[in-house]
Amino acid sequence: MKIIFRRFDDSRYEKVCDFLIELSKYDRNHINWNWARWEWMFFHPEFNRDLMDKIGLWYCNDELVGMTTYDHYFGEAFFATKQGFRELEKDILDYATTTFSNENGLGIAVNDKDTHTLDLLSSKKFLENDLTENILELTLKNVSLDYITPEGVIVKNIDINNDLYKLHHLLWKAFDNEGPVPVDEATMSKQRVMLSAPHLNSWIHIVAENENGEYVAYCGLWYSQKTDYVYVEPVCTIPEYRQKGLGKAVVLEALKRGRSLGAEKAYVISDSSFYKSLGFQQHSHYTFYWHNA
């Protein structure tokens, strides 16, 4: 068995998607790093694309069997191997630690029940950190996806070709950024990249629009027919429209459409009572372990 290491480039993007999809078919230990989280990160405006050739890929007979990537920028990382290739994990972890550490070291989130990876990190002097991630799961056939919207507000999917500025204004305000919304070419170019994600299905990316044609709430939803689940990312509402049921409306409309495409489950990285009120239940919990520089 000959293992070949390769650095990531754009031509290997789909290989990584398929690798992450296959991981979730074995079990859901790595559901916090599913293919949709990878795509959302890779096309996110804050993703440092200048570093992406540092992403490490391990091949066996042209099959991608192991990988490690940073999360947006150096300082946090993810690594995994396919079944039958655990012997690569030490080398992959060493590469991640050497390559992706920043001045604070390197953090890796591990499923609390994944004793194998916990033992590996311990052997490499990683220490438990206070930072955590939580995954909630919803079985779509078990819940009502009906909702009511306030008068004057409609719920619809985004139009990728025409909604760039409207969606950008929504995201700027909904994530509580201060000051005027930046619309310079560099900023808008990054927003265009975000909407160019190859598997982004605009029909399941849902916005609430007020009577002035402004977007006031948004739910992004990601689905591949190669999986049985959808991934929720992001969900937001501008401040003056919060507490009106619009977050619920856009999420449930997105999930309803995802279910119609064939999804059976939904996942979200959150521990929020908002999602639990919609029927999401605890799936898994991840704790960060840190290797100091």
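Up top is the structure these notes are about.
Report follows, based on the coordinates.

1. Looking at the packing of aromatic side chains
1) Next: The full count for this structure, using the stated rule, is 22 aromatic pairs.
2) Next: Taken together, a centroid distance of 5.2 Å and an interplanar angle of 55 degrees make the contact between Phe5 and Tyr95 tilted. Of this pair, Phe5 sits in strand β1 (residues 3-7) while Tyr95 sits in helix α3 (residues 89-100), and the two are 90 residues apart along the sequence.
3) Next: In this structure Phe5 comes out as partly exposed when scored by relative accessible area, which is 35%.
4) Next: Tyr95 gets classed as buried once you look at its relative accessible area, which sits at 14%.

2. A few points about the pairing of strand β11 (residues 265-269)
Both faces of the sheet carry side chains from a regular strand, because those side chains alternate between them.
1) Next: The pairing of strand β6 (residues 127-139) with β11 spans five bridges and is antiparallel. If you follow Leu136 over to β11, its bridge partner there is Val268.
2) Next: Looking at chain direction, strand β10 (residues 229-237) and β11 are connected through three bridges and run parallel. If you follow Tyr231 over to β11, its bridge partner there is Tyr267.
3) Next: Handedness of the crossover is the feature at issue here: the chain leaves β10, passes through helix α7 (residues 246-261), returns alongside β11, and the resulting connection is right-handed.

3. What to know about the environment of Ala96
1) Next: Turning to its location among the elements, Ala96 is positioned in helix α3.
2) Next: By relative accessible area, which is 0% here, Ala96 ends up buried.
3) Next: Along the primary structure Ala96 and Lys54 are separated by 42 residues, whereas in three dimensions their C-alpha atoms are 9.2 Å apart.
4) Next: Apart from the residues within four sequence positions on either side, Ala96 is in contact with Thr68, Ser101 and Leu106.

4. With respect to the layout of surface pockets
1) Next: The space that makes up the largest pocket amounts to roughly 780 Å³.
2) Next: Lining of the largest pocket is provided by 30 residues; of these, Trp40, His44, Pro45, Glu46 and Phe175 occupy positions nearest its centre.
3) Next: If you list the elements that add at least two residues to the lining of the largest pocket, you get α2 (35-42), β4 (73-81), α5 (164-174), α6 (185-194), β10 and β11.
4) Next: Here the lining of the largest pocket gets five residues from one element, more than from any other, and that element is β10.
5) Next: Of the residues that constitute the lining of the largest pocket, the class distribution is 16 nonpolar, seven polar and seven charged.

5. What about empty space enclosed by the protein?
1) Next: This structure, assessed with the given rule, holds four cavities of 30 Å³ or more.
2) Next: Taken together, 13 residues form the lining of the largest cavity, with His30, Phe78, Phe79, Ala109 and Val110 sitting closest to its centre.
3) Next: Broken down by secondary-structure element, the contributors of at least two residues to the lining of the largest cavity are β4 and β5 (106-111).
4) Next: Element by element, the count of residues in the lining of the largest cavity is highest for β5, at four residues.

6. A look at the sheet that holds β11
1) Next: Reading across from one edge, β1-β2-β3-β4-β5-β12-β6-β11-β10-β9-β8-β7 is the order of the twelve strands in this open sheet, with mixed pairing throughout. At either end of the open sheet lies a strand with only one pairing partner, and these are β1 and β7 (154-157). Averaged over all pairs of adjacent strands, the angle between their axes in this sheet comes to 25 degrees, without regard to strand direction.
2) Next: Pairing analysis gives four bridges linking strand β8 (residues 206-209) to strand β9 (residues 215-223), with the strands arranged antiparallel. Counted as the bridge partner of Ile206 is Cys219 from β9.
3) Next: Helix-sheet contacts for α3 involve β1, β2 (56-60), β3 (63-71), β4, β5 and β12 (281-291), and the interaxial angle to β4 is about 170 degrees.

7. Here we look at unusual backbone geometry
1) Next: With an omega of -10 degrees, the peptide bond between Glu233 and Pro234 qualifies as cis.
2) Next: Within the secondary structure layout, Pro234 lies in strand β10.
3) Next: The backbone of Asp62 sits at a positive phi, close to 70 degrees, despite the residue not being glycine.
4) Next: Asp62 gets classed as partly exposed once you look at its relative accessible area, which sits at 49%.
5) Next: The phi angle at Lys125 is positive, at roughly 70 degrees, despite the residue not being glycine.
6) Next: With relative accessibility at 63%, the residue Lys125 sits in the exposed group.

About the criteria used
- Residues numbered from 1 in each chain as written.
- Predicted model: local features only at pLDDT ≥ 70, side-chain atom pairs only at ≥ 80, totals over all residues.
- Heavy atoms only, no water.
- Phe/Tyr/Trp six-rings, centres within 6.5 Å; stacked < 30°, edge-to-face > 60°.
- Helix = DSSP H or I, 4+ residues; strand = E, 2+ residues; numbered from the N terminus.
- Buried < 20%, exposed > 50% of the residue type's maximum accessible area, 1.4 Å probe, protein only.
- Pairing = 2+ DSSP bridges.
- Right-handed = clockwise from strand over helix to strand, strands pointing away.
- Contact = heavy atoms within 4.5 Å.
- 1 Å grid on protein atoms, 1.4 Å probe; cavity = no way out; pocket = protein on both sides within 12 Å on 5 of 7 lines; lining within 4 Å.
- Points joined across faces, edges and corners; volume = space filled by probe spheres on them.
- Nonpolar A, V, L, I, M, F, W, Y, C, P; charged D, E, K, R; others polar.
- Axes fitted to C-alpha atoms, helices over the stretch in contact; angles between N-to-C directions.

Treat this as a map of the structure, not an account of what it does.
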